[in-house]
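Commentary on secondary and tertiary structure
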Amino acid sequence: MRFKITVPLTIAMLAGGTLYLLHGKQDVSQQAKTPGFKVAKVSTGTITRTIRLTGQTSARKYANISAPIPRGGEGGRASLILLRLVKAGSRVKKGDEVAAIDAQSTLDHIDDVMDTVKQAESDVLKRKAEQAIQWETLQQTLRQAKADMDKARLDAKPAGILTPIERELLELNVQQTEARYKELQKNTSEQQASFAAELRILEITAIRQRRHMERHQRDVVKFTMNSPMDGLAVMQPIFRGGDFGQVDQGDQLGPGQLFMKVVDPLSMQLEAKANQVETSELRIGQSVTIRLDAFPGLEFPGAVYSIGALATGSWMQNYYIRLIPVNIGIKGSDGRLIPDLSASGDVVVEKQDNVLLIPFSAVRDRTGNPTVQVRDGDKFVDRAVTLGIHNEAQIAVLSGLKAGDEVRIN
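Residues numbered from 1 in each chain as written. Predicted model: local features only at pLDDT ≥ 70, side-chain atom pairs only at ≥ 80, totals over all residues. Heavy atoms only, no water.

Bridge analysis of strand β3 (residues 62-66) against strand β12 (residues 258-263) gives five bridges, and the strand direction is antiparallel. Bridge pairing in β12 links Asn-64 to Lys-261. Here four bridges tie strand β8 (residues 231-235) to β12, and the two strands are oriented antiparallel to one another. When the sheet's bridge partners are listed, Leu-232 is paired in β12 with Val-263. (Pairing = 2+ DSSP bridges. Helix = DSSP H or I, 4+ residues; strand = E, 2+ residues; numbered from the N terminus.)

So this is what it looks like as structure tokens:
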């Protein structure tokens, strides 16, 4: 009896389990065939189309601070060590000292040159005194020669009876004394020119040494550098022991080397470059949103204020790649906004207000007859639309939809 009851129950349980498994498999298969679509509602708002430009920040108003170029005879071998230097990023006023070069070696050299100048001036005075003595001796010799000539002329005058030989001797003496006097006169003028030339050489030597000293004295004045304007002190990078770092106190500079800039933080700009195709849509005055790579959350408004007329290339790029320089003025200021920061600017080239917006990926067949799939009850139907401008995320719909419609996202 127990056996008869158990068999039907077992069969029934097996049959029920089989039906359950079959029904379960059928539901899973139907669920897998039902696709899950992403949808978005049509909204009203403003859409902008932008072009992103990249570059680095700089200041339109700035002053370069360079190491002085010594004008003394040892200018090329000058050792320019930064003795004092303002802190990077500090605010300076016009006339404030921003840097100073160690001038001790130059001051020591000025003392040596000053002694040389004094010696050269003493040589001029000494030579003048020697020439005065030589000139007086020459004049005395000239006066003696003239007296001898006058005496010979008096002796040659007829006095008593002279033999022809005596007359001839007296005449020869007159000729000799006259010739000697004339020769001394000629030598006197030549000696005078020689004296003037010697003095001029010594005077030029003294002038050259004096100018040498004055050049070093002017160099010492230039070793203290003051700011020519109000602004922010920005240090320039230099090579130090094979490493590239920011200039600091104690560094050695080369003559004329740029090591600092004083910039006006209210005149910051973005120096960017645009492709030649992109520049056809750029206009002066277009609004720009500037972002700094170093500070992702920091944004500044700006505007395009200059577009280059000629394309430029770079030795790092292929010769056929040409870019147009575009300068964007940055409005506002911030302590983190300093020159030489990499940045980007989104230039608004098109803008539409109060238009219907849908995701860009919801549009089908954008090149021919654009359509979107709109929810109609529990299904989606195709609908033709007229499109406006678009950006990477959204596209404007001019006709074919209304606010609140749900569209399928591809």
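Strand order in this open sheet of four strands is β7-β6-β4-β11, and the pairing throughout is antiparallel. Where the open sheet ends on each side, the last strands, each with one partner, are β7 (224-226) and β11 (252-253). With three bridges joining them, strand β4 (residues 80-85) and strand β6 (residues 97-101) adopt antiparallel strand pairing. Residue pairing for β6: Leu-82 is matched across the bridge by Ile-101.

Turning our attention to a negative patch on the surface. There is a patch of like negative charges on the surface, built from Asp-108, Asp-111, Asp-112 and Asp-115. The class for Asp-112 is partly exposed, based on a relative accessible area of 49%. (Patch = residues over 30% accessible without salt bridge, like charges linked within 9 Å, V, L, I, M, F, W, Y side chains within 5 Å. Areas by Shrake-Rupley, 256 points an atom, 1.4 Å probe, with all protein chains shown as cover. Salt bridge = Lys/Arg side-chain N within 4 Å of Asp/Glu carboxyl O. Lys, Arg positive; Asp, Glu negative; His and termini not counted. Charge placed at Lys NZ, Arg CZ, Asp CG, Glu CD. Buried < 20%, exposed > 50% of the residue type's maximum accessible area, 1.4 Å probe, protein only.)

Okay, the pattern of salt bridges next. Under the defined criterion, the tally for this structure stands at 18 salt bridges. Close ionic contact of Glu-203 with Arg-200 constitutes a salt bridge, the shortest N to O distance being 3.6 Å. One end of the pair, Glu-203, and the other, Arg-200, are both in helix α3 (residues 164-222), three residues apart, so they sit about a helical turn from each other. A single salt-bridge network, built from bridges that share partners, covers Arg-52, Arg-291, Glu-299 and Asp-346.

Between helix α2 (residues 104-155) and α3, the shortest axis-to-axis distance is 9 Å and the interhelical angle comes to 170°. What the angle tells us is that α2 and α3 run roughly antiparallel. Across the contact of α2 with α3, the residue classes break down as 23 nonpolar, 19 polar and 13 charged. (Axes fitted to C-alpha atoms, helices over the stretch in contact; angles between N-to-C directions. Parallel < 35°, antiparallel > 145°, perpendicular 65-115°, else oblique. Nonpolar A, V, L, I, M, F, W, Y, C, P; charged D, E, K, R; others polar.)

Of note in the backbone geometry, Asp-340 takes a positive phi value of approximately 65° without being a glycine. Residue position: Asp-340 is located in the loop between β16 (323-330) and β17 (342-359). Accessibility expressed as a relative area gives 44% for Asp-340, which makes it partly exposed.

Below, the discussion takes up the environment of Leu-337. Looking at the secondary structure, you find Leu-337 in the loop between β16 and β17. Once the C-alpha coordinates of Leu-337 and Gln-269 are considered, the two residues, 68 residues apart in sequence, prove to be 9.9 Å apart. Sequence-distant contacts of Leu-337, defined by excluding residues within four places in its chain, comprise Thr-57, Met-268, Leu-292, Phe-300, Ile-330 and Gly-332. (Contact = heavy atoms within 4.5 Å.)

The next subject is the sheet that holds strand β5 (residues 91-92). Think of a sheet as strands paired side by side through backbone hydrogen bonds, with each pair either parallel or antiparallel. Taking strand neighbours across the sheet as the criterion, the four strands line up as β3-β12-β8-β5 in an open arrangement whose pairing is antiparallel. Single-partner strands in this sheet number two, and they are β3 and β5.

In this section: the nonpolar core. Counting residues in hydrophobic clusters, the biggest one holds 25 residues, and the most contacted among them are Leu-53, Ile-328 and Val-347. Listing elements by their share of this core, those giving two or more residues are β2 (43-59), β8, β13 (268-275), β14 (287-292), β15 (295-307), β16 and β17. A total of four residues in this core trace back to one element, the largest contributor, which is β13. Once residues within four sequence positions are removed from consideration, Leu-53 is found in contact with Leu-270, Ala-272, Lys-273, Ala-274, Glu-278, Leu-282, Val-326, Ile-328, Ala-343, Ser-344, Gly-345 and Val-347. (Core = buried A, V, L, I, M, F, W, Y, C linked by side-chain atoms within 4.5 Å.)

Our next topic: the layout of surface pockets. In this approach a probe as big as a water molecule rolls over the atoms, and the regions it shows empty are the leftover space. A volume near 160 Å³ is recorded for the second largest pocket. For the second largest pocket, the full set of lining residues is Ala-88, Gly-89, Leu-232, Ala-233, Val-234, Met-235, Pro-237, Gln-246, Gly-335, Ile-338, Pro-339 and Asp-340. Top contributing element to the lining of the second largest pocket by residue count: β8, with four residues. Class assignment for the residues of the lining of the second largest pocket results in eight nonpolar, three polar and one charged. (1 Å grid on protein atoms, 1.4 Å probe; cavity = no way out; pocket = protein on both sides within 12 Å on 5 of 7 lines; lining within 4 Å. Points joined across faces, edges and corners; volume = space filled by probe spheres on them.)

It is worth spelling out the packing of aromatic side chains at this point. Counted under the stated rule, the structure contains one aromatic pair. Judged by centre distance (4.8 Å) and plane angle (55°), the ring pair of Phe-239 and Phe-244 falls under tilted. Like Phe-239, the residue Phe-244 is exposed in the burial classification. When the ring centre of Tyr-305 is taken as origin, the NZ or CZ atom of Arg-60, which lies over that ring, is 4.6 Å away. Directly above the ring of Phe-295 sits Arg-336, whose terminal nitrogen or CZ lies 5.5 Å from the centroid. (Phe/Tyr/Trp six-rings, centres within 6.5 Å; stacked < 30°, edge-to-face > 60°. Lys NZ or Arg CZ within 6 Å of the ring centre and 35° of its normal.)

A separate point is the side chain of Ser-267. Residue position: Ser-267 is located in the loop between β12 and β13. For Ser-267, a relative accessible area of 5% translates into the label buried. Within the structure, Ser-267 has its side chain in polar contact with the backbone nitrogen of Lys-61 (distance 3.2 Å). Here the side chain of Ser-267 touches Asp-264 through a polar contact of 2.9 Å, landing on its backbone oxygen. (Polar contact = N/O pair within 3.5 Å; in protein donor to acceptor, adjacent residues only side chain to side chain.)

As a further point, take the side chain of Thr-57. Position of Thr-57 among the secondary structure elements: in strand β2. Engagement of the side chain of Thr-57 in a polar contact is seen with the backbone oxygen of Ile-338, the distance being 2.7 Å. Sequence-distant contacts of Thr-57, defined by excluding residues within four places in its chain, comprise Met-268, Gln-269, Leu-270, Leu-292, Ile-330, Leu-337, Ile-338, Pro-339, Asp-340, Leu-341 and Ala-343.

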